[in-house]
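The lines below spell out each chain.
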Amino acid sequence: MSSGPSLSRRSSLADYISAIPRPRLASLRSRKSTASLHVDPYTPYAVHQTQQQQQQQKMAPAILRDADATQKLLEAILDTPGGRRSVSRLARTCKAFKEPALSVLWRDLDSLTPLLGLFPSTLLKRARRPGLGLTKPPEKQDWARVLAYGERVRSVAYVESSGNIHPSILPLLDEHKPVQYILPNLASLTWKVESAASLERCRMFLGPRLEAVVLKVASRSAKLNDILAEIAAHRGLAAFSFTLHTNLPDDFTDKFRENAALEKVALQAPGALAARVGKWAAALPQLKTFAVDLSARTTTAVEGFFEDISPGSGYSTPSSVGGTDSGVFSADEVDFSEARKAAVRLTRDGPRRGAFAQLSNLTLTGDAANLATFLRHLTSPLTQLDLIMEDPPQLNDWHDVCTVICDHFSDTLQSLRINATSASRFGELVRATSRAGDVPMHELPLTYLSTLPRLWRLEIDLPESVIFKEQDIAHVARICPNIEILRLCPFARFPISGPPPSITLESIVPLTRDCRRLHTLGVVVNAAELESDEVYSTRVVCSRSLLRLHVGHSWVKNPLQTAVLLSHLTPYLETLKWFNEKNRAGIVEANAMAWQRVSEFLPHLQHIRLSERKLQPPPAPYVPPPKADKSVDATVSTSEAAVSACPEVAEFSVQAEPELVDFGVQMAPETSEASIDATPVFVEVEVMAVPDVSEQSVNAVPETEEKGTDPISFARSDSVSESSEDDARPENNIPSISTFIPSAATGIANLTFRVVRFYTAPIRFMFSFLPSMPLLSRFSPTYDSPHNYDLKHAPEQEKRAFGVWESSDSIYATSYANGTAATAADAISPDSDNSNIIITSASESAPSTSEPKADQSDAAESPSSSRLVPSVRFQFGASIPERAPALHVTESGDAAGYGRRGRESLNATRQSTVRTATSSWHSPSTSRSTYNMADPKKQEKDFTKEVDALLPEANSLATSGKLQEALDKIYVLEKQTRNASDLKSTTRLVKEASELCYKARNFKLLNNNINSLSKKHGQLKAAIQAMVEQAYGWLEDIRKTEGTETWLELIETLRSVTEGKIFLETPRARVTLLLAHYHESLATAPSATPASRKESLQLASDLLSDLQVETYSSMDRREKTEFILEQMRLLIALARLKDGEIGKEGKDSIGGGEAEWVKVRVGGRKVNEEFLKDKANEDLKLKYYDMMIQYALHESSYLDAAKYYHKVWETPAIKEDVNGRGREALEHIVYYVVLAPHDNEQSDMLHRLFADPALPKLELHYALVKCFTTPELMRWPGIEAIYGPHLRKTSVFSSDKLWEDLHTRVIEHNIRIVSQYYTRITLARLTSLLDLTQQQSEEILCRLVVSGTVWARIDRPAGIVNFRSSRSAEDVMNDWSSDMQRLLGLVEKTWMGVNAAQAAQSRALKAAS
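Here the structure is a predicted model, which means the values were calculated and not measured. (Residues numbered from 1 in each chain as written. Predicted model: local features only at pLDDT ≥ 70, side-chain atom pairs only at ≥ 80, totals over all residues. Heavy atoms only, no water.)

1. Here we look at the overall build of the protein chain
Our working rule: Strands here mean DSSP runs of E at least two residues long; helices mean DSSP runs of H or I at least four residues long; both are numbered from the N terminus. Accessibility here uses a 1.4 Å probe with only protein chains present; expressed as a share of the type maximum, an area under 20% marks a residue as buried, one over 50% as exposed, and anything in between as partly exposed. Any pair of residues with heavy atoms lying within 4.5 Å of one another is described as a contacting pair. Note on areas: Shrake-Rupley with a 1.4 Å probe; residue coverage comes only from the protein chains shown.
A count of helical and extended segments in the protein chain gives 50 helices and 30 strands. Every one of the 1409 residues in the protein chain was classed for burial, and the buried ones make up 42%. The long-range fraction of contacts in the protein chain, counting pairs at least 24 apart against all pairs at least 6 apart in sequence, stands at 72%. Accessible area of the protein chain: about 79,300 Å², with a carbon and sulfur share of 53%.

Pasting the structure below:
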């Protein structure tokens, strides 16, 4: 490896230059022979470095300290023309840029050629073209540079058809590679091959970090299944595109079934529309981008794609819909395909709800009928839709496509692009190059589309459907008000022999008038003569946003008139494009030349337009009409009328006969025998058990209800399960499969099952102590029995009939007796009565009577009710925990004990019978549950009477100290009202539950109550919102009475409940604001340390900055503005604190609070200044501009500060206070406008301020502004003597920096005045006029020259400053000619005046005579 020279450790630049080797160039004769020349190896983007250079300290400039900033800088350079070469030079010349530049260069490769060029030149056939092949197999040392730079590669592509890689290279690389993957960090692979041999070579690039694969295979290969299996083995695969010209493999979906991380999928192969593929794609949970080819497929095949997703009604003969066979024999068969398509439209299934729930980008290819059929089944929130359809489409199919798009995706669609298929493009190319004549053109009506409020991109590029009408343009402007990019076949060609384009320049007026965000427009127009001049009569049609216009092959007749119209419609247009290539087919040279003239006229006309509009007088102020008070007689006249209302009654009857189906199943159970060593393990434990006895009397009168049902008996096992993973899981309560089979088979199966359980009881007991062993997992308590398995897959009707419900990890079955649900004791004595059962729960945590008792289904879902299991010592027949405070739960509390998902050890007792259910030693981690709010549905029942009866009873119980009992009653009724969708009753109950907890001052129970009720399955959104708002109203009182700690707990509870819920975004923002103010108060506390003050203020700022309140639709505009202003205020406070830590303030400081200042600027852009102009919002306006002034002063942007003060001064309340705040605001405007550097905007504001009638009232400030507006010199000693004593006392000029800036502005003003009066001046004279030294004068003059304020050149030897550039003879003659024309015009005018005077005098003399 050769090493280049280095600048390090050199004494001078001369030594470095002398050390550079100067190779001798060979003579012309020797250059012809390549044998005598040493050819350097082809090393693109590679940097040679020595070991000494690697050991040197890395020098990193300030910009390289931020890796993200360096990355973005290099990527921006890379995107420019010649950017790759520029980045490569940076890597070769700058050590600090070397590593990041190499990473950017080698990150994405579109070919394997750069990698091959890293091999030594002796291995390559041609060093400058590495793709031609290798002379010999590479050895291990030859791979060093390839592997080193291969670690930087993240994306690579190989296209066999391009021919830049010889076929012999890949086998050599595959056979002699020293490692398994030559690109270990590869994340994206594009592999497009035509042969089976090349397909197999992709294995060496399938590294472990692969995330995206684009695979295109021309023919079916025997190794294809193995390649697909290896690709599918990457579980982190996020994008996969597969193109195959033969049938899709049958096991394709089975291979990729486990790739749940796929976000982008593209399939283009026969068989991609199979039902199994549709089911697999719909089951991908993270799928966001999907592309599929529907070409050459029938409508039935497209329907079949969704068959397994959500079964529909189907068709009697599906295959006949897409065919042409009518089913009736005839000699001349008629094509019935169109009739069957119409039948499909009438009998089609509805959309598949829930299929492709996360899909946002969709690309479809095929004819319009198939596109409409596919889209009809989707309800996904699509934001981007690309349709590649055959052109021209049938109008019925195009109408269906437009209807489906607008019906299903109108609320989410943002981008719609319609292109033609490759077959349609090829047909257009053939017709364009042959002598068949002009390409046929068809109309594509856009009036079929309905409202698309979010659409910002609409692009249509079809070869034949290119005719659009004026009503299409007007319709698009009406339905797409937010459109930004609109292209309607801008490449279409209208031949001279045919009709002109239907769209004129006047037709785009609706777009420029209604679409205020449109910045790019591409359309073919006919720029003919205007029919009327009405378009010039108003400025409403002028578009301020339209910047780019592509007219393609548009016709134009009068270039000047067209330019005039465009200057009126698009005064800010920057780019005008048209086709001017003479060799392009269909080009009309006259139109191209006319558009060239339009582009030449347009800039000048635009400048004139804008200048005229600036000179127009401002509109007259609004004068309200006069008002007068009048009194009227408002006596109401009444009349009575009677109406006879007789309802019409109609009777009808319906005869309903159910269909009965009988079927029988013959079953033969499979039996197996096993012998085991059943020696039990005994553990002796001694405990002292002193029972706690308590007596309590309750009213135990059960409510009875008579109901007739068909009796169903269940066979129950005599044996009892010795272990259970879940404490409340009664295993033997689950009906066995013998319940559903005939009696003879039932006896055999029951007997066999009992024998097996009898012989396996000891070993199952031993294995219950080892549940974590993987090989014995089926004997552990977590193993589900066949009964559980059968019930898991049983229909919902059977589960409800047997009392079965599902939780996240098990299935429970209950049998109801006397209205009471069965508890865990049923597993111990299944044949006993369930009337008096006591369940004792033992755990390390103390019994919490304050926790709400949820019902069984809700408790299984709530993660807050889970508990950890303590260690348990086992004895055969008993289970005794080490530390177990008891929780006594009666039948009334069975929902709390049985439905909990905690792993508790249960001691179930009934009279003298004691049996235990042991718990496993290991408690598996509970996965986080997801709580879904209920969709609005119709109320099924009104519980108003029950609620009215329950609330007084609950209040009395809570008053008497039985708060938990009152809550239990409320929870029971709340579940019923929630399941019945009784919003009013549910809201009353949840608010009453919170009210009881609040009145009892039990805030821990209040927090648990809010958490539990908000996470109930199917909880109503309005009920949660009412409960949160109720709790929010208590915050102030709780903080005053209970202290900050309880207040913070409730705050965190409300934030956790409102997190991620759009309907609670406003309450969450308000609660977060209170929390932010609390942390801010900690920062301002006297006892706070600098570190804690910064941390508290940072936390308060982060809390508010995370709220994007500008997107909240439920929040009032004023409240939104207040939140944004609070965010800005905290950011400014934090920024000043950070700036103070580094001892600097200003935009030149590195680090500090620069990030916060940037966020302040972003937050300021979120505030609508038009909203602040309202009189009711003056307080917000003053607060907003005060913070913007602070930001402007931090950035030393004095002109912006003057503008903000001017906005403050324009406020009526400020302007009316002439001697107070109004005077102060006007003074600050004067201060900062004179401090701002001179430019056109500053000069304009300064002169407008000088002309303001309010300024003369401030004599000193008026005189100061007059000095800057008068073209005279301002001597700084005089300015300092006159204005210094007053200005230095103000808060603005008390700073030495601002006073020095004022001195600089005075000097700059003097230099501009000198440049106006002098063409040449000596440096000595200029120095005396400026009252500066010569060095200071030169510095300021150079700064003004660089900024473009003045033009000057300094001749230092002569000591002369020249303020006029040298002029050519042509410029002098032009000025002379202009002066002569003015002189001749003045002479002619004088001559005409003399003649007129002589004529008048002669007429007067004649009249006198």
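That was the structure; now back to the text.
2. So, the side chain of H377
Which entries qualify depends on this criterion: In the analysis that follows, any N or O atom pair within 3.5 Å is treated as a polar contact, provided that within protein one partner can donate a hydrogen and the other can accept it, and provided that, for residues neighboring in sequence, both atoms belong to side chains.
Mapped onto the elements of the fold, H377 is located in the loop between α16 (368-376) and β9 (384-389). On the basis of relative accessibility, which here comes to 0%, the residue H377 falls in the buried class. Polar contacts involving the side chain of H377 include one to the side chain of E303, which spans 2.8 Å.

3. As for the packing of aromatic side chains
Operational definition: Two rings from Phe, Tyr or Trp (for Trp, the six-membered ring) form a pair when their centres sit within 6.5 Å of each other. Planes less than 30 degrees apart are called stacked, planes more than 60 degrees apart edge-to-face, and all others tilted.
For the structure shown, the criterion picks out 29 aromatic pairs. Pairing F119 with W143 gives two aromatic rings, centres 5.2 Å apart and planes at 85°, and the pair type is edge-to-face. Pair noted here: F119 is in the loop between α7 (113-116) and α8 (144-150) and W143 is in the loop between α7 and α8, with a separation of 24 residues, a long-range link. Given a relative accessible area of 1%, F119 falls into the buried group. Judged by its relative accessible area of 1%, W143 is buried. Between Y1184 and Y1185 the ring centres are 5.0 Å apart and the planes differ by 65°, which places this aromatic pair in the edge-to-face class. Taken individually, Y1184 and Y1185 each receive the classification buried, so the pair is uniform in this respect.

4. Brief notes about the pairing of strand β4 (residues 212-217)
Quick note on the threshold: Criterion used throughout: strands pair if DSSP finds at least two bridges between them. With its strands directed away from the observer, a crossover is right-handed exactly when the path from the first strand over the helix to the second travels clockwise.
Relative to β4, strand β3 (residues 188-193) is paired through six bridges, and the arrangement is parallel. Bridge pairing in β4 places S188 opposite A212. As paired strands, β4 and strand β5 (residues 239-244) are joined by six bridges and run parallel to one another. Within the sheet, the bridge partner assigned to V217 lies in β5 and is L244. A crossover connection joins β4 to the parallel β5 through helix α11 (residues 224-232); in handedness this β-α-β unit is right-handed.

5. A word on the sheet that holds strand β28 (residues 1320-1322)
Using the following cut-off: Axes, fitted as lines to C-alpha atoms, cover a helix only where it is in contact. Angles between the N-to-C directions of the axes lie from 0 to 180 degrees.
With antiparallel pairing, the three strands of this open sheet are ordered in space as β28-β30-β29. With one partner strand each, in any of the chains shown, β28 and β29 (1353-1355) form the two edges of the open sheet. Strand-to-strand twist of the sheet, defined as the mean angle between neighbouring strand axes without regard to direction, takes the value 25°. Lying over the sheet, helix α48 (residues 1323-1330) contacts β28, β29 and β30 (1360-1362), oriented at roughly 80° with respect to β28.

6. Description of the environment of R597
Tracing the backbone through its elements, the reader meets R597 in helix α22 (residues 589-615). Overall, R597 belongs to the partly exposed group, its relative accessible area being 44%.

7. Some thoughts on helix α5 (residues 83-93)
Cut-off, in case you're wondering: Directions from the helix axis toward the C-beta atoms define the arc.
Considered for burial, the residues of α5 that qualify are G83, V87, S88 and A91. Seen from one end, α5 has its buried residues packed into an arc of 140°, which puts them on one side. Exposed positions of α5 whose direction lies more than 90 degrees from the buried face are R85, R89 and T93. Buried residues belonging to α5 abut α4 (67-79) and α6 (95-107).

8. Considerations on the pattern of salt bridges
The condition is simple: Here, a salt bridge means any Lys or Arg side-chain nitrogen found within 4 Å of an Asp or Glu carboxyl oxygen.
Per the counting criterion, the structure on display carries 41 salt bridges. Two residues, R457 and E459, come together in a salt bridge whose shortest N-O distance is 2.6 Å. In this pair, the class of R457 matches that of E459, namely buried. With a closest N to O distance of 3.2 Å, E1227 and R1223 form a salt bridge. Here E1227 and its partner R1223 are both found in helix α43 (residues 1221-1235), four residues apart, which amounts to about one turn of the helix. Taking the relative accessible area as the measure of exposure, E1227 reaches 14% and is therefore buried. Overall, the relative accessible area of 35% leaves R1223 in the partly exposed class. Among the charged side chains, a network of salt bridges with common partners joins E1080, E1126, R1129 and K1183.

9. Remarks on the environment of D1244
As for its position among the elements, D1244 is in helix α44 (residues 1240-1250). Among the polar contacts made by the side chain of D1244, one reaches the side chain of R1248 at a distance of 2.9 Å.

10. Remarks on the pairing of β9
Of the pairings in the sheet, the one linking strand β8 (residues 361-366) to β9 comprises six bridges and is parallel in character. Counted as the bridge partner of N361 is Q384 from β9. You can see the chain leave β8, run along α16 and come back into β9, and the turn it takes is right-handed. As defined by bridge partners, β9 adjoins strand β10 (residues 415-420) across six bridges and the pair is classed as parallel. Across the sheet, residue M389 finds its bridge partner in β10, namely A420.

11. Side note on the nonpolar core
What counts, and what does not: Residue types Ala, Val, Leu, Ile, Met, Phe, Trp, Tyr and Cys, when buried and joined through side-chain atoms within 4.5 Å, form a set referred to as a nonpolar core.
Counting 156 residues, the largest nonpolar core has F242 and F374 as the members making the most contacts within it. The element contributing the most residues to this core is helix α17 (residues 395-409), with seven residues. Contacts of F374, omitting those with residues within four sequence positions, involve F290, V292, L294, V302, F305, F306, L362 and L364. In this structure, L1073, M1128, Y1184 and I1229 belong to the second largest nonpolar core, which totals 71 residues.

12. Examining unusual backbone geometry
Across the junction of D391 and P392, the peptide omega takes the value 0°, indicating a cis bond. Looking at where P392 falls in the secondary structure, it is placed in the loop between β9 and α17. At S981, a position not held by glycine, the phi torsion is positive, near 60°. Position of S981 relative to the elements: it lies in the loop between α29 (963-979) and α30 (983-999). Classification of S981 by relative accessible area gives buried; the value is 8%.

13. As for the environment of A1133
Turning to its location among the elements, A1133 is positioned in helix α37 (residues 1117-1142). Residue classification places A1133 among the partly exposed positions, given a relative accessible area of 32%. Distance from A1133 to W1157, taken between C-alpha atoms, is 10.0 Å for residues 24 residues apart in sequence.

14. Considerations on the side chain of R978
In this structure, R978 sits in helix α29. A polar contact is formed between the side chain of R978 and the backbone oxygen of H1017, at a distance of 2.8 Å.

15. Some details on the confidence of the model for the protein chain
For clarity, the cut-off: For every residue, the predictor states its confidence as a pLDDT score lying anywhere from 0 to 100.
Chain-level pLDDT for the protein chain is 74 on average; 70% of the residues reach the 70-or-more range. Averaged pLDDT values over the elements of the protein chain bottom out at 33 in strand β27 (residues 913-917) and peak at 94 in strand β15 (residues 520-523). Counting contacts from residues 344-349, a segment whose pLDDT is below 50, to residues more than four positions away or on other chains yields 16 contacts. Note on residues 707-743: pLDDT under 50 across the span, and 99 contacts to partners over four residues away in sequence or across chains.

16. A look at the packing of α29 against α30
Stated formally: With respect to orientation, any angle under 35 degrees is reported as roughly parallel, any angle over 145 as roughly antiparallel, any angle of 65 to 115 as roughly perpendicular, and every other angle as oblique. Two helices cross in a left-handed way if the nearer one is turned anticlockwise from the farther one by less than a right angle. They cross in a right-handed way if the turn is clockwise. Lys, Arg, Asp and Glu make up the charged group, whereas Ala, Val, Leu, Ile, Met, Phe, Trp, Tyr, Cys and Pro make up the nonpolar group; the residues left over, Gly among them, are polar.
Where α29 meets α30, the closest approach of the two axes is 9 Å, and the angle between their N-to-C directions is 165°. By the angle between their axes, α29 is roughly antiparallel relative to α30. Along this stretch, α29 crosses α30, giving a crossing that reads as left-handed. In contact with L963, A966, L967, I970, Y971, L973, E974, T977 and R978 of α29, α30 contributes S985, T986, L989, V990, E992, A993, L996 and C997. In terms of residue class, the contact of α29 with α30 is made up of 11 nonpolar, three polar and three charged.

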